[in-house]
Amino acid sequence: MATPVFSFEAELLTDAPFEHIAGRLQNETPGTFKCLRSLRGWTAPEMASDGLILRWERALPGAVESGFLAVSPDPKGAHLHIEGRMKGWSGFLFFGILRWRTDRLLDRFVEEL
């Protein structure tokens, strides 16, 4: 029997300058931001050709949660994109919590900048 996978995705265009967001994420840990604390297991920020990417992955009882936050420059400010997934049978329980934690996550992130 296949293992269930649950996922979420959100995007936001903000007028906050890319340099400001990237600088904060590179100089501080993602855990510094209250809205990102619950997504534990962050790797170091990676500079990509189109912006900055932060990844997370952690094991939960019966599931694995992973995803990334991408920040890229935009003429109006910055484009934020977050994707996450939870793989495993206990995801039925945890995904409800994950959705609750990620509701308006990018909006809350921009407010904390």
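Just so you know, these numbers come straight off a predicted model, no measurement behind them.

Trainee: What is the right way to look at helix H1 (residues 18–27) in this model?
Mentor: Helical geometry note: an α-helix holds 3.6 residues per turn, so side chains three or four residues apart project in the same direction. Turning to H1, its buried residues are Phe-18, Ile-21, Ala-22, Arg-24 and Leu-25. Buried residues along H1 cover an arc of 160° about the axis, so they all sit on one side. Residues of H1 that are exposed and point more than 90 degrees away from the buried face comprise Glu-19 and Asn-27. Looking at the packing, one finds that the buried side of H1 touches strand S1 (5–14), strand S3 (51–60), strand S4 (63–74), strand S5 (77–87) and helix H3 (105–112).

Trainee: Just to check I follow, could you spell out the nonpolar core for this structure?
Mentor: Side chains that are nonpolar tend, in soluble globular proteins, to be buried together. Counting 22 residues, the largest nonpolar core has Ile-21, Leu-25, Leu-36, Ile-82 and Phe-109 as the members making the most contacts within it. Broken down by element, this core gets its largest block of residues, 4 residues, from H1. If sequence neighbours within four positions are ignored, Phe-109 has contacts with Ile-21, Leu-25, Phe-33, Cys-35, Leu-36 and Leu-80.

Trainee: Explain the sheet that holds S3 to me, please; I cannot follow it from the model alone.
Mentor: Adjacent strands of a sheet form backbone hydrogen bonds with each other and so pair up, either parallel or antiparallel. Strand order in this open sheet of 5 strands is S1-S5-S4-S3-S2, and the pairing throughout is antiparallel. Among the strands making up the open sheet, the edge pair consists of S1 and strand S2 (46–48). Adjacent strand axes in the sheet meet at a mean angle of 20° when their direction is disregarded. Two strands pair when backbone bridges link them, and S3 and S4 are joined in this way by 9 bridges, in the antiparallel orientation. Bridging across to S4, Glu-57 finds its partner in Ser-66. Seen against the sheet, H3 touches S1, S4 and S5 and runs at an angle of roughly 40° to S1.

Trainee: Is there a simple way to think about the pattern of salt bridges in this case?
Mentor: All told, the structure shown has 3 salt bridges when counted by the stated rule. Where Arg-55 meets Glu-46, a salt bridge forms, and the shortest distance between an N and an O atom there is 3.3 Å. Using a relative accessible area of 33% as the deciding quantity, one classes Glu-46 as partly exposed. Here Glu-65 and Arg-58 are joined by a salt bridge, their closest N and O atoms 2.7 Å apart.

Trainee: What's the story with the pairing of S4 in this structure? I'm lost.
Mentor: Two faces, one strand: in a regular strand the side chains alternate between the faces of the sheet. Hairpin connection, S3 to S4: the antiparallel pair is bridged by 2 residues, and Gly-62 has positive phi, about 80°. Two successive antiparallel strands, S4 and S5, enclose a turn made up of 2 residues.

Trainee: Where do I start with the confidence of the model for the protein in this structure?
Mentor: Note: predicted coordinates in regions of low pLDDT should not be interpreted at a detailed level. Of all residues in the protein, 92% have pLDDT values of 70 or greater, and the mean over the chain is 84. Taken element by element, the predicted model of the protein shows its lowest mean pLDDT in helix H2 (residues 91–102) (67) and its highest in S4 (91).

Trainee: Please explain the environment of Met-47 as it appears in this structure.
Mentor: Here Met-47 is to be found in strand S2. When its relative accessible area of 54% is taken as the criterion, Met-47 is described as exposed. Distance in space between the C-alpha atoms of Met-47 and Lys-87 is 27 Å, their sequence separation being 40 residues. Contact partners of Met-47, with chain neighbours within four places excluded, come to Gln-26 and Leu-52.

Reading the values: the criteria
- Residues numbered from 1 in each chain as written.
- Predicted model: local features only at pLDDT ≥ 70, side-chain atom pairs only at ≥ 80, totals over all residues.
- Heavy atoms only, no water.
- Buried < 20%, exposed > 50% of the residue type's maximum accessible area, 1.4 Å probe, protein only.
- Helix = DSSP H or I, 4+ residues; strand = E, 2+ residues; numbered from the N terminus.
- Arc of directions from axis to C-beta.
- Contact = heavy atoms within 4.5 Å.
- Core = buried A, V, L, I, M, F, W, Y, C linked by side-chain atoms within 4.5 Å.
- Pairing = 2+ DSSP bridges.
- Axes fitted to C-alpha atoms, helices over the stretch in contact; angles between N-to-C directions.
- Salt bridge = Lys/Arg side-chain N within 4 Å of Asp/Glu carboxyl O.
- pLDDT = per-residue confidence, 0-100.

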